[in-house]
Each structure stands twice: as structure tokens, then as C-alpha cells.
Amino acid sequence: MFKITQIDDFNIFEPSEKAAAQSKPSVDLSLIRNKEFLKNFTTPQQKKMVVSGSFIYAHPPDYKGCPALNWNSETWTELFTEMKQAGLDTVIFQASIWHELGEAYYKSDYFKNIYKTYPVIEAMLPAAKKIGLHVYLGGYGCTIGWSKCIDKKTVNAEVNRQLHCVKELFEYRDLFEGVYFTPETAVSTNRDIEREKSLNELYRRYFSELKSLSPQHKILMSPATKHGNANGEIIVDGWLNVLNRVPLDIMAPQDSIGCAGCNLSIQQAAWEVWKKICDNSGIELWANAELFERHGFGGPAPFHPADPERVIAQINNVSGFVKKIICWEYPYFAGTKGAARSELIRERIFNQ
């Protein structure tokens, strides 16, 4: 459902023509429903919470964004200083490896003959430490979470790769306080019990090994939201099956407003479901607010900064459920060196 293409000297995911055609109707409908929701507000809304964290990256996996493959510590320090001044105290580095993209973003011994290497985290981590940011470091990135068939052999191989990566990353353990599990997934109302069991085995085995290696490092996940006000108990049961005996510390679900997995009118119902899941599992609940809007499929810039009023609605919809709000992502959609109109989100969301 995706293809790999090159931008500059790096690779990105692009949806296949079939996937784009299948997704376009839901994206168009979501845009309409979000606009209808916002018509109820005749005066500008005020934020009920602040956005205090953001994902960062070597480069975005599916658009150009603000690639940092060749940044030095001074460039990272400049960005982190800006982010700190904008009220952010936490950064989540999305991935230290992207399997399908054939790229590694640190000097790995184990993977050096497999992936093209860029020394990104070696410059990023000291800069974050210098500015005083909390860092969650993403490890081995791949698309296993979206696979429909995950057998025991696949799980064994994936746990092995994840562990080889994170053991190398723990060389820098004093420079980050948490591990971000990069592969994304979702549970929908069309449940697949065997797939849920396989994901549970993957998470339980890998996260347990992480806790054994370094109990003080927290573990963070950010799955997609693919549900709203219908069949919530099905979603709860599915996720409780996936998370059974999994030592996860923080769940920061993508609100999926930018990618049309959810919309503003059903967002609160979706977060009632997420709260039940996390309360029943003893997991701290955050939110991952998407700052973008899709305006195409493929190419270097299919996403634009969203209207600030839409982002404020996203924030307010989840504010009663979560301890913290992070976002995807400040550098391109809000930063001073980001996309056109990024200043609107910067001024309305972060500089108030």
C-alpha cells in the first residue's frame, strides 16, 4: 500500500495510487466535518491546555519537512532553544532506524552493512541535554504494526532487531529518559484476535526486556486513533487484549485529526475510550495532536499547517482526559524555519 521514493539524498514513504484513491474520500469527508464542527464557535477559542512536547526526526518518513540528516549540535541547539522558548519541555525522536527506508540515524555496528548511515543522534542528544529537554528516543522503526499477518517467526525476528538497536542506543542512556516504540498500529472495530495476540507477544517480550535492561527508562507508544462514538467497547476489549501484561508507561495516541482517522465531532468520544483503556491498564495517558492537514498524496509537501482554530479544538477536546499534550510536529508545522503559514500555529498555539 506504499512505495519508497527519493527526495534529495534520502527516502520517504508515499501511498500507492490504490491507497491514495481509497483514502481520498475519507480525507475529504473529514475536512468537511471538521469545518462543520468549527462553525459552532463564533468567537476565537482559548486553549484549555498547552502543547508541551513535540516529535522530532532525522527526517519525516512521508514528506520532506525539515530534514536534519546533516545538522550539527549547534543547529540542534538553535531549534531546541526556540522550542524551549515556545513552551516545549519534551522531544520525542521518532526513529533511530527506518527499516523500509534503508536508513540508520546513528553509527551502528550491528546494522552498518544493512542501512545507509547518518550520524544524527550523536549531534541531537547532547544539544537536547544542554537546553534541558526531556528526551524519548525512538529505536528500530518499521511497519510491522500495520501488517495484517504477524506470526511467531516474525515476532521473534522483530524482538531481536528491536533489542539489537536499543542496546546500542543505551550507550547514550544518560542523555535520554525514555524509549519511544517507533512502529505504529491501531485497533479497529473489525477485530483480528490472532493479530492482537501477536502484537501482545511483541510488546510484552520487548518491553519486558527494556525494563530489565534499564528500569528507570520509561516506555512510550503513540498508536493511531481509528474509532469514535461507535462500538467503543470493542476497541477497549481489543486494546486490553494487546496490552495484557505489557509494561508500558505512557500511551500518547495520535489524535488522527490531520490524517482523517478521526474528526473533531467524535474526538471526545474517542478519548473516553482511550481513557478507559489506559485506566484499566495502569498507563499514563497523553495526547499526540496532529498540527497538519492533508492536501495531497505523495510528493515532498502533501501536508500543510492546519488552521489554528482546528488545533485549539483538538486540544480542548482531549484536555479533560490527559496529563500532557505533545504534537506532530513543531519544526515544520510551527517552527521559524518551517512551512508557509507555520507562523500562524506558532503564534496562536505556542506563543500565548
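Not measured: the values here are computed from a predicted model.

## Digging into empty space enclosed by the protein
Applying the stated rule across the entire model yields 2 cavities of 30 Å³ or more. Looking at the largest cavity, the residues that line it are Val-27, Ser-30, Leu-31, Asn-34, Ile-257, Gly-258, Ala-260, Glu-293, Arg-294 and Arg-310. When residues of the lining of the largest cavity are traced back to their parent elements, those giving at least two are helix H1 (17-38) and strand S14 (292-294). Ranked by the residues each element gives to the lining of the largest cavity, the list is headed by H1, at 4 residues. The computed volume of the second largest cavity comes to approximately 30 Å³.

## Points about the sheet that holds strand S7 (residues 116-117)
Across the sheet, 4 strands lie side by side as S7-S6-S5-S9; this open sheet has mixed pairing. This sheet does not close on itself; its edge strands, each paired only once, are S7 and strand S9 (140-141). Bridge analysis of strand S6 (residues 103-104) against S7 gives 2 bridges, and the strand direction is parallel. Residue Glu-103 lies in a different strand from S7, and its bridge partner there is Lys-116.

## Examining H1
Taking 1.5 Å per residue, 22 residues should reach 32 Å; H1 reaches 31 Å between its end C-alpha atoms and fits that length. The largest bend along H1 measures about 35° and falls at Ser-23, with the proline Pro-25 one to four residues further on. For H1, the elements touching its buried residues are strand S2 (10-15), S14 and helix H8 (308-318).

Criteria and thresholds
Residue numbers here run from 1 along each chain, matching the order of that chain's written sequence. Only residues with pLDDT of at least 70 get local features here, since the model is predicted, and only at 80 or more are side-chain atom pairs given and counted; chain-wide, interface and lining totals rely on the full set of residues. The basis for the side-chain values is all heavy atoms of the structure; hydrogens and waters are excluded. Cavities and pockets are found on a 1 Å grid laid over the protein atoms alone: a cavity is a set of points where a 1.4 Å probe fits but cannot escape, a pocket is an open set with protein on both sides within 12 Å along at least five of seven lines, and a lining residue has an atom within 4 Å of such a point. Grid points are joined across faces, edges and corners, and a volume is the space filled by probe spheres set on the points. Strands are runs of DSSP state E lasting at least 2 residues, helices are runs of H or I lasting at least 4, and numbering of each runs from the N terminus. Each pair of strands is called paired provided DSSP finds at least two bridges between the two strands. One less than the residue count of a helix, multiplied by 1.5 Å, gives the span that helix is expected to have. Two axes enter the definition of the bend at a residue: one is fitted to the seven residues ending there, the other to the seven starting there, and the bend is the angle between them. Here, residues are in contact when the closest pair of their heavy atoms is within 4.5 Å.

These results come straight from atomic positions and should not be treated as a statement about function.
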